[in-house]
Amino acid sequence: MPKRSTTVDDTGAAPLVHEQVRIQRGRRSGLPVIVAVHSTALGQAIGGCRLARYRHWRDALTDALRLSAAMTDKCAVAGLPNGGGKTVVALPPEATLGPAARRALLYDVADVIASLDGAYATGPDVGTDPTDMATIAERTPYVFCRPPEAGGSGDSSTHTATGVMAALHAVCDAVFGSPQLAGRRFGILGLGRVGTHLARQLAAVRAQLVVTDVDLNKRPLADELGAAWLDPDDAFRAEVDVLVPAALGGVFTTETVRQLRCAAIAGPANNQLDEPATADLLHRRGILWAPDFVVSAGGVIHATAVELHHETTDQASHRVLTIGDTLARILQDATRAGVTPAAAALDLARQRVQLAGRAP
Ligand code: PHE
């Protein structure tokens, strides 16, 4: 994801490109709650609520700034009438949250979201699930993906996985001349919620799988699906057709790109690149990198279709599959213009945001 928030302009200053950023120490939890609203040019900013461990809350702020900017691009490329935002709560490194502490923290999150008066609505992300969204919804209406019995569209991770599948078809078509996934070799990095759905969906279409996770408890899933298990340290060297990053961001760096032995990369993890220039590095190595903010839009597409636009689940699922067409178009544009897919996708996002910014 581009570090637009820290881009240095020609005067040497780093302008604030986000509309607003709230940092509040939770009244109940004492923990830093950060909500970054990057842009509302296209509409209400949306983006998940991440609960993750950080050594310093400033690292969580950096993440919130980057992740919220990526949500603007994600929504714009997906054609949604929404902007980008994100909530990040910095948990102390060794923190474990009991049920009461978790509820208190989620109420703190809800209060910050409520204070933004609808400029931003949240959803599930790393560390949160639909039940947490129901807890936040006790205090503010600006929440997606509550469980269906609580009036929401439920878990978005299956839809994110379906969107990734559509993207993988487009990637295979562009790289190997056939959208077929059967028999192709995929390396899934991370078996969290989305990664697990993906592994199951890919196994169901008879793809060959190698998988890894930092949590060894995920290994039985690999056995169940007939997938080879990789040591997380060897994951980047996996000889696969397509590498599928499905865990945390920042995994592709000058160092890891050198080790890669894949033809393409496409996965749901947000902010996969350590910095924008890594997209050029991948391009020069002849590896197709499908921009993460294009590939991972299935969750927001489904949730907004059902909850904002009152579409049926069928209509919403159909919309998720359009990620394949969107990505195919971006890959064609990139080839035609002789630029990276990342540059072509960002161009599309910025055009849409600028157009909306100019509207009366
Ligand atoms: N985690 C989702 C994403 O990164 C966020 C989200 C999902 C927000 C569903 C709203 C609704 O795209």
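Residues numbered from 1 in each chain as written. Predicted model: local features only at pLDDT ≥ 70, side-chain atom pairs only at ≥ 80, totals over all residues. Heavy atoms only, no water.

**What to know about the overall build of the protein chain**
To keep things clear, this is the line we draw: Here a helix means four or more residues in a row that DSSP labels H or I, a strand means two or more in a row labelled E, and each is numbered from the N terminus. C-alpha atoms define the radius of gyration in this analysis, and the globule rule sets the expected value at 2.2 Å times the number of residues to the power 0.38. Three exposure classes are used, based on accessible area relative to the maximum for each residue type with a 1.4 Å probe and protein chains only: buried under 20%, partly exposed in between, and exposed over 50%. Areas reported here follow the Shrake-Rupley algorithm with a probe of radius 1.4 Å; residue values treat only the protein chains shown as occluding. Counting rule applied: Lys, Arg positive; Asp, Glu negative; His and chain ends not counted. Each charge is placed at NZ for Lys, CZ for Arg, CG for Asp and CD for Glu.
Helices and strands together make up the secondary structure of the protein chain, namely twelve helices and twelve strands. For a compact globule of 360 residues, the expected C-alpha radius of gyration is about 21 Å, and the protein chain comes in at 19 Å, within 12% of that figure. With respect to the three principal axes, the spread of C-alpha positions in the protein chain is 50 × 50 × 45 Å. Burial status across the protein chain gives 52% buried among its 360 residues. Of the roughly 15500 Å² of accessible surface on the protein chain, 51% is carried by carbon and sulfur atoms. For the protein chain, the distance from the average site of its 35 positive side-chain charges to the average site of its 37 negative ones is 2 Å.

**Side note on the pairing of strand S4 (residues 49-53)**
Keep this limit in mind: Note on handedness: a crossover is taken as right-handed if, strands pointing away from the viewer, the path from the first strand over the helix to the second is clockwise.
Of all five residues that make up S4, four are buried, and the element is covered over most of its length. In this region the chain leaves S4, passes through helix H1 (residues 57-77) and returns to the parallel neighbour strand S5 (residues 83-91); the handedness of that crossover is right-handed.

**A closer look at helix H3 (residues 130-137)**
Defined as follows: Contact definition: two residues touch when any of their heavy atoms are within 4.5 Å. Any N or O atom pair separated by 3.5 Å or less is treated as a polar contact, with the protein-specific requirement of one donor-capable and one acceptor-capable atom, and with residues adjacent in sequence counted only for side-chain atom pairs.
Where H3 is concerned, the buried positions are Pro130, Asp132, Met133, Thr135 and Ile136. Along its buried surface, H3 packs onto S4 and helix H2 (99-115). Structurally, the start of H3 carries an N-cap: the backbone nitrogen of Thr131 is 3.1 Å from a side-chain oxygen of Asp129.

**Quick word on the environment of Ala166**
In this structure, Ala166 sits in helix H4 (residues 157-176). The class for Ala166 is buried, based on a relative accessible area of 8%. Residues Ala166 and Thr322, spaced 156 residues apart in sequence, show a C-alpha to C-alpha distance of 7.6 Å. Aside from chain neighbours lying at most four places away, what touches Ala166 is Leu321 and Gly324.

**Remarks on the domain arrangement of the protein chain**
Inclusion rule: Where each domain starts and ends comes from a domain assignment, either automatic or drawn from a database. Buried surface area refers to the total accessible area, computed with a probe of radius 1.4 Å, that the two partners give up upon joining, counted for both partners together. Only one rule defines a salt bridge in this text: a Lys or Arg side-chain nitrogen within 4 Å of an Asp or Glu carboxyl oxygen.
Its domain assignment divides the protein chain into domain 1 (5-68 + 84-150) and domain 2 (157-354). Relative placement of domain 1 and domain 2: their C-alpha centres are 24 Å apart. Contact residues are listed per partner, giving 17 residues for domain 1 and eleven residues for domain 2. Taking both partners together, domain 1 and domain 2 bury about 1000 Å²; carbon and sulfur atoms supply 58% of that area. Summed over the three residues of domain 1 that lose the most area to domain 2, namely Leu42, Ile46 and Phe144, the buried surface amounts to 37% of that side. Linking domain 1 with domain 2 are zero salt bridges. For the pair domain 1 and domain 2, the number of links is two residue pairs in polar contact (both at pLDDT 80 or more).

**Notes on the site of the ligand**
Which entries qualify depends on this criterion: Proximity criterion: a residue is near a molecule or strand once any of its heavy atoms comes within 4 Å of it. Charged residues are taken to be Asp, Glu, Lys and Arg, nonpolar residues to be Ala, Val, Leu, Ile, Met, Phe, Trp, Tyr, Cys and Pro, and polar residues to be all remaining types, Gly included.
In the region of the ligand, 14 residues are neighbours, and Lys74, Lys86, Pro124, Asp125 and Asn270 sit closest. Take Lys74: an N or O atom from its side chain is 2.7 Å from an oxygen atom of the ligand. Between the ligand and Asn270, the relevant distance is 3.2 Å, taken from an oxygen atom to a side-chain nitrogen or oxygen of the residue. Here the ligand has 330 Å² of accessible area as a free molecule, and 93% of this is covered by the chains. Of all elements in the fold, only H1 and helix H10 (298-307) reach the threshold of two or more residues within the shell around the ligand. Sorting elements by how many residues they give to the shell around the ligand places H10 first, with three residues. Class assignment for the residues of the shell around the ligand results in six nonpolar, five polar and three charged. Split by domain, the shell around the ligand shows at least three residues from each of two domains, domain 1 (5-68 + 84-150) and domain 2 (157-354).

**Some remarks on the packing of aromatic side chains**
Rules: In summary, the pairing rule links any two rings of Phe, Tyr or Trp, Trp by its six-membered ring, whose centres are within 6.5 Å, and it sorts them by plane angle into stacked for under 30 degrees, edge-to-face for over 60 and tilted for everything else.
Under the criterion given, the structure shown has one aromatic pair. Ring centres of Phe236 and Phe252 lie 6.0 Å apart, and the angle between their planes is 70°; on these two criteria the pair is classed as edge-to-face. Within this pair, whereas Phe236 is found in the loop between strand S9 (228-229) and strand S10 (239-245), its partner Phe252 is found in the loop between S10 and helix H7 (254-259), the two being separated by 16 residues in sequence. Phe252 carries the same exposure label as Phe236, and that label is buried.

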